[in-house]
Amino acid sequence: MSTSWPMLDLASDPHLRLATAKIRAVLAGSPVPEDAGHAENTLYWLRRLDPQAGVALQLAALAHDIERARQDRFQRHQFADYDSFKQAHADLGAQITDQILSDAGVSGEIRQDVSLLIRRHETGGDAQSDLLKDADSLSYFDHNLPLYYAREGHEETLRRARWGYERLSSRARAVYSSICHDSPELNRLLLEAQEIR
């Protein structure tokens, strides 16, 4: 798992600095243990895939799963299908983040871009959204996998890993093989997730 995460360059903008601190504070209170680390690790993968990623994309990477930090976060069983669950999660996450950015005085243009990126982080659809989707997926494999596996077991983790691998772009699949865990069992699962069914 990656341990050195890049920081947003916010020194020149107090509004962005405040917004980032508020986002991190919300994520730190998440009932899901891996959420805060996943946000930072998604930012790491974003910067690895695109070292020149703009401020809106970096903010979206940090806040993309903020909906999960709520005590009454959406649950999969509340929706007719997995896609509806994921879209509701993305839409509410965009609203929560927009309120944080607005309260911090972040410009409307950046807020609009961040909102669109978070709404599309599960599906992609344009170059920046696709990049965020890849960074999010790689972070699942890098950061979330051990805790997800401990909580959900092999079969559910394999199902989720296959879903995540299938949504990776060819660029992200090229770096997927660099992910390695201390557990041989998890490394076997990473290989199994790539197998064509």
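Residues numbered from 1 in each chain as written. Predicted model: local features only at pLDDT ≥ 70, side-chain atom pairs only at ≥ 80, totals over all residues. Heavy atoms only, no water.

## Considering the environment of arginine 111
Here arginine 111 lies in helix H5 (residues 108–119). In this structure arginine 111 comes out as partly exposed when scored by relative accessible area, which is 23%. The residues touching arginine 111, leaving out its near neighbours within four places in the chain, are Asp98, Leu101, Ser102 and Val106. A polar contact of 2.9 Å, which involves the side chain of arginine 111, links it to the side chain of aspartate 98. (Helix = DSSP H or I, 4+ residues; strand = E, 2+ residues; numbered from the N terminus. Buried < 20%, exposed > 50% of the residue type's maximum accessible area, 1.4 Å probe, protein only. Contact = heavy atoms within 4.5 Å. Polar contact = N/O pair within 3.5 Å; in protein donor to acceptor, adjacent residues only side chain to side chain.)

## What about helix H4 (residues 82–103)?
In an α-helix, one turn spans 3.6 residues, which is why side chains three or four residues apart end up on the same side. Between its terminal C-alpha atoms H4 stretches 32 Å, which fits the 32 Å expected from 22 residues at 1.5 Å a residue. Within H4 the residues assigned to the buried category are Tyr82, Phe85, Lys86, Ala88, His89, Ala90, Leu92, Gly93, Ala94, Thr97, Ile100 and Leu101. Elements that come into contact with the buried residues of H4 comprise helix H1 (14–28), helix H3 (55–63), H5 and helix H7 (154–166). The N-terminus of H4 is capped by aspartate 81, whose side-chain oxygen sits 3.2 Å from the backbone nitrogen of aspartate 83. (Expected span 1.5 Å × (residues − 1).)

## Some words on the packing of aromatic side chains
Taken as a whole and assessed by the stated rule, the structure comprises 9 aromatic pairs. For the ring pair tyrosine 140 and tyrosine 148, a centre distance of 5.6 Å and an interplane angle of 80 degrees mean the geometry is edge-to-face. Exposure class is identical for tyrosine 140 and tyrosine 148. Each is buried. Ring geometry for tyrosine 165 and tyrosine 176: centres 4.9 Å apart, planes at 65 degrees, overall edge-to-face. (Phe/Tyr/Trp six-rings, centres within 6.5 Å; stacked < 30°, edge-to-face > 60°.)

## Some words on the nonpolar core
Of all hydrophobic cores here, the largest spans 49 residues; its most connected members are Ile23, Leu46, Leu138, Phe141 and Tyr176. For this core, the leading source of residues is helix H6 (residues 127–152), giving 9 residues. Those residues in contact with leucine 138 that sit more than four places away from it in its chain are Trp45, Leu49, Leu168, Ala172, Val175, Tyr176 and Ile179. (Core = buried A, V, L, I, M, F, W, Y, C linked by side-chain atoms within 4.5 Å.)

## Observations regarding the pattern of salt bridges
Going through the model one piece at a time under the given rule, you end up with 15 salt bridges. Between glutamate 34 and arginine 151 there is a salt bridge whose closest N-O contact spans 2.7 Å. Of this pair, glutamate 34 sits in the loop between H1 and helix H2 (35–49) while arginine 151 sits in helix H6; the two residues are 117 residues apart in sequence, bridging distant segments of the chain. Classification of glutamate 34 by relative accessible area gives buried; the value is 1%. Close ionic contact of arginine 159 with glutamate 156 constitutes a salt bridge, the shortest N to O distance being 2.7 Å. Here the residue arginine 159 and the residue glutamate 156 both occupy positions in helix H7, the gap between them amounting to 3 residues, near one helical turn. Bridged by salt links that share partners, the residues Lys86, Glu122, Asp136 and Arg167 form one connected network. (Salt bridge = Lys/Arg side-chain N within 4 Å of Asp/Glu carboxyl O.)

## Some thoughts on the layout of surface pockets
Reported here for the largest pocket is a volume of approximately 610 Å³. Elements with a contribution of two residues or more to the lining of the largest pocket: H4, H6 and H7. Counting residues per element, the lining of the largest pocket draws most heavily on H6, which supplies 6 residues. (1 Å grid on protein atoms, 1.4 Å probe; cavity = no way out; pocket = protein on both sides within 12 Å on 5 of 7 lines; lining within 4 Å. Points joined across faces, edges and corners; volume = space filled by probe spheres on them.)

## Points about the environment of aspartate 136
Residue placement: aspartate 136 occurs in helix H6. Excluding residues within four positions of it along the chain, aspartate 136 makes contact with His38, Thr42, His64, Asp65, His121, Glu122 and Arg167.

Don't take any of this as a statement about function, it's just geometry.
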